[in-house]
Amino acid sequence: MKTIQDYLENGAIDIAPFLSLVLDKSSAELILNNNYQLTFDEKSCIDSLVLQREKGVPFAYLSGSRGFYHLDFKVTPDTLIPRPETELLIDIALELSNANKALKVLDLGTGSGIIAVTLKDKNPHWQVSATDFSNKALEVARSNATTQIEFLQGSWFEPVTNQSFDLIISNPPYIEENDAHLDDLSFEPICALTAGKDGLDDIRIIVDQAPEYLEKNGFLLLEHGHDQQDRIVELLKQKFNNIQTFKDYNSKDRAILAQCK
Ligand code: GLN
């Protein structure tokens, strides 16, 4: 028989999150109940999760959820796992409007829906649409929505022809297709990560087409790779003004905001 304490003392990996997940107890509750003996089923469930984690499956895919901003999101292997860096986009977007103006917002490549859902949850009066190429990702995004969001299937702007927005926001794929760091991301959907040789294929499409879908002075806000900022500024110059750049909490260039001319 094994108690919580036995696990906490002997785990080769950080075992507490697995105990919390399977026993549905907070870390404090684990400590308070450290003499609790796990049932056979609980023990085999933990052993199987630990085995998968040791093979490299990200914890978020084992638990099926990941926190982002102020909410918890369902995630599956059909969606990217939310990154803390992406919270920067939310901070920037929330600063954009004075409280009264109801922005019309489009989130491109929404994945699990973190950007669209967080913005709409913070500003229920905004009108938020979100597109994704993947139907499976959209299913996850829909299940994450706390309020009414229009989810549409299609590549980038395809499903929103003839519409225009005050803010277009995206965390598109931006990793170079031969980037060595992809080996560490092998459980996540590759189509959500890579964008051609220089990682800019999708950003070029978005920058090129966004003006057609933006109101005059409408905003485009993009997450990007740490070494792509200068090249994206160049792409934006022709049709955008007031280009502002932002660093993430690791002081890496990570986001760019521009206003349509
Ligand atoms: N920021 C992620 C990473 O580098 C990639 C996300 C993306 O391509 N949009 O792991």
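Just so it is clear, the model here is predicted, and its values are computed rather than measured.

Enquirer: Would you mind going over the overall build of the protein in detail, with residue names and values included?
Expert: Scanning the protein from N- to C-terminus turns up 10 helices and nine strands. Scored against the burial criterion, the 261 residues of the protein give a buried share of 47%. For the protein, restricting intrachain contacts to residue pairs at least 6 apart in sequence, the fraction spanning at least 24 positions comes to 61%. Only carbon and sulfur atoms are counted for the fraction: they give 47% of the accessible area of the protein, which is about 13,100 Å². Charge-centre separation for the protein: the mean point of 24 positive side chains lies 3 Å from the mean point of 40 negative side chains.

Enquirer: Which residues make up unusual backbone geometry, and what values go with them?
Expert: Across the chain, the bulk of peptide bonds are trans and the bulk of non-glycine residues have phi less than zero. Phi is positive for Asn 162, which is not a glycine, with a value near 70 degrees. The backbone of Asn 217 shows a phi angle near 65 degrees, a positive value even though the residue is not glycine. Mapped onto the secondary structure, Asn 217 falls in strand β7 (residues 214–223).

Enquirer: Give a description of the site of the ligand that names residues and reports values.
Expert: In the vicinity of the ligand, the contacting residues are Leu 80, Arg 83, Asn 171, Pro 172, Pro 173, Tyr 174, Ile 175, His 181, Leu 185, Ala 192, Leu 193 and Glu 223. At 2.7 Å, a side-chain N or O of Asn 171 approaches a nitrogen atom of the ligand. Summarising the interface, the protein chains cover 92% of the accessible area of the ligand, which totals 300 Å² for the free molecule.

Enquirer: Explain helix α10 (residues 229–237) to me, using residue names and the numbers behind them.
Expert: Every buried residue belonging to α10 is among Gln 229, Ile 232, Val 233 and Leu 236, and all of these are buried. Looking down the long axis of α10, one finds its buried residues gathered within 105 degrees of arc, a one-sided arrangement. The outward face of α10, more than 90 degrees from its buried face, is lined by the exposed residues Asp 230 and Glu 234. On its buried side, α10 packs onto α9 (201–213), β7, β8 (240–247) and β9 (253–260).

Enquirer: Lay out the environment of Leu 221 in plain terms, naming residues and giving numbers.
Expert: Position of Leu 221 among the secondary structure elements: in strand β7. Accessibility expressed as a relative area gives 0% for Leu 221, which makes it buried. Along the chain, Leu 221 and Ile 243 lie 22 residues apart, while their C-alpha atoms are 9.9 Å from each other. When neighbours within four sequence positions are excluded, Leu 221 is seen to be in contact with Leu 89, Ile 92, Ala 93, Leu 167, Ile 168, Ile 169, Ser 170, Ile 256 and Leu 257.

Enquirer: Would you mind going over the sheet that holds strand β3 (residues 104–108) in detail, with residue names and values included?
Expert: Read across the open sheet, the seven strands follow the order β5-β4-β3-β6-β7-β9-β8; overall the sheet is mixed. The open sheet terminates on both sides in strands that have one partner only, identified here as β5 (150–153) and β8. Taking each pair of neighbouring strands and ignoring which way they run, the sheet shows an average axis angle of 15 degrees. Relative to strand β6 (residues 165–170), β3 is paired through four bridges, and the arrangement is parallel. For Leu 108, the partnering residue across the bridge sits in β6 and is Ser 170.

Enquirer: Describe the packing of aromatic side chains, and please don't skip the residues or the numbers.
Expert: Scanning the entire structure with this criterion turns up four aromatic pairs. With 6.2 Å between their ring centres and 75 degrees between their planes, Phe 68 and Phe 73 make a pair best called edge-to-face. For Phe 68, a relative accessible area of 1% translates into the label buried. Considering the side-chain rings of Phe 157 and Tyr 213, the 4.4 Å spacing of their centres and the 10 degrees angle between planes classify their relative orientation as stacked. Here Phe 157, found in the loop between β5 and β6, pairs with Tyr 213, found in helix α9; they are 56 residues apart in sequence, far enough to count as distant. In this structure, Phe 157 and Tyr 213 share a single accessibility class: buried. Through pairs of rings, three or more aromatic residues link up here, namely Phe 68, Tyr 69 and Phe 73. It is Lys 2 that lies over the ring of Tyr 7; its NZ or CZ is 4.4 Å from the centre. Geometry around Tyr 36 places Lys 25 over its ring, the cationic atom sitting 5.7 Å from the centre.

Scoring rules and cut-offs
- Per chain, the residues get numbers from 1 upward, laid out in the order the sequence is written.
- Restriction of local features to residues with pLDDT of at least 70 applies here, the model being predicted, together with a cutoff of 80 or more for giving and counting side-chain atom pairs; totals for whole chains, interfaces and linings are based on all residues.
- Excluding hydrogens and water, the side-chain figures rest on all heavy atoms present in the structure.
- Secondary structure elements follow DSSP: runs of H or I of four or more residues count as helices, runs of E of two or more count as strands, with numbering from the N terminus.
- Residue exposure (1.4 Å probe, protein chains only): buried if accessible area is under 20% of the type maximum, exposed if over 50%, otherwise partly exposed.
- The contact definition used throughout considers only heavy atoms, calling two residues in contact when any of these lie within 4.5 Å.
- Methods summary: accessible areas were calculated by the Shrake-Rupley approach with a probe of 1.4 Å, and residue burial reflects only the protein chains presented.
- The charged-residue count follows a simple rule in which Lys and Arg add positive charge and Asp and Glu add negative charge, with His and chain termini not counted at all.
- For this purpose, a charge sits on NZ of Lys, CZ of Arg, CG of Asp or CD of Glu.
- Being near a molecule or strand, for a residue, means having at least one of its heavy atoms within 4 Å of it.
- Here a polar contact is taken to be a pair of N or O atoms separated by no more than 3.5 Å, where protein atoms must pair a possible hydrogen donor with a possible acceptor and residues adjacent in sequence count only if both atoms sit in side chains.
- This arc is taken over the directions from the axis of the helix to the C-beta atoms.
- At least two bridges found by DSSP between two strands is the condition for calling them paired.
- Convention adopted: a line fitted to C-alpha atoms gives each axis, helices being fitted over their contacting stretch, and angles between N-to-C directions are expressed from 0 to 180 degrees.
- Ring pairs are drawn from Phe, Tyr and Trp, using the six-membered ring of Trp, whenever the two centres fall within 6.5 Å, and their geometry is named by plane angle: stacked under 30 degrees, edge-to-face over 60, tilted for the rest.
- Definition used: whenever NZ (Lys) or CZ (Arg) falls within 6 Å of the ring centre and also within 35 degrees of the ring normal, the charge is taken to sit over that ring.

Purely spatial values, then, with no claim about function.
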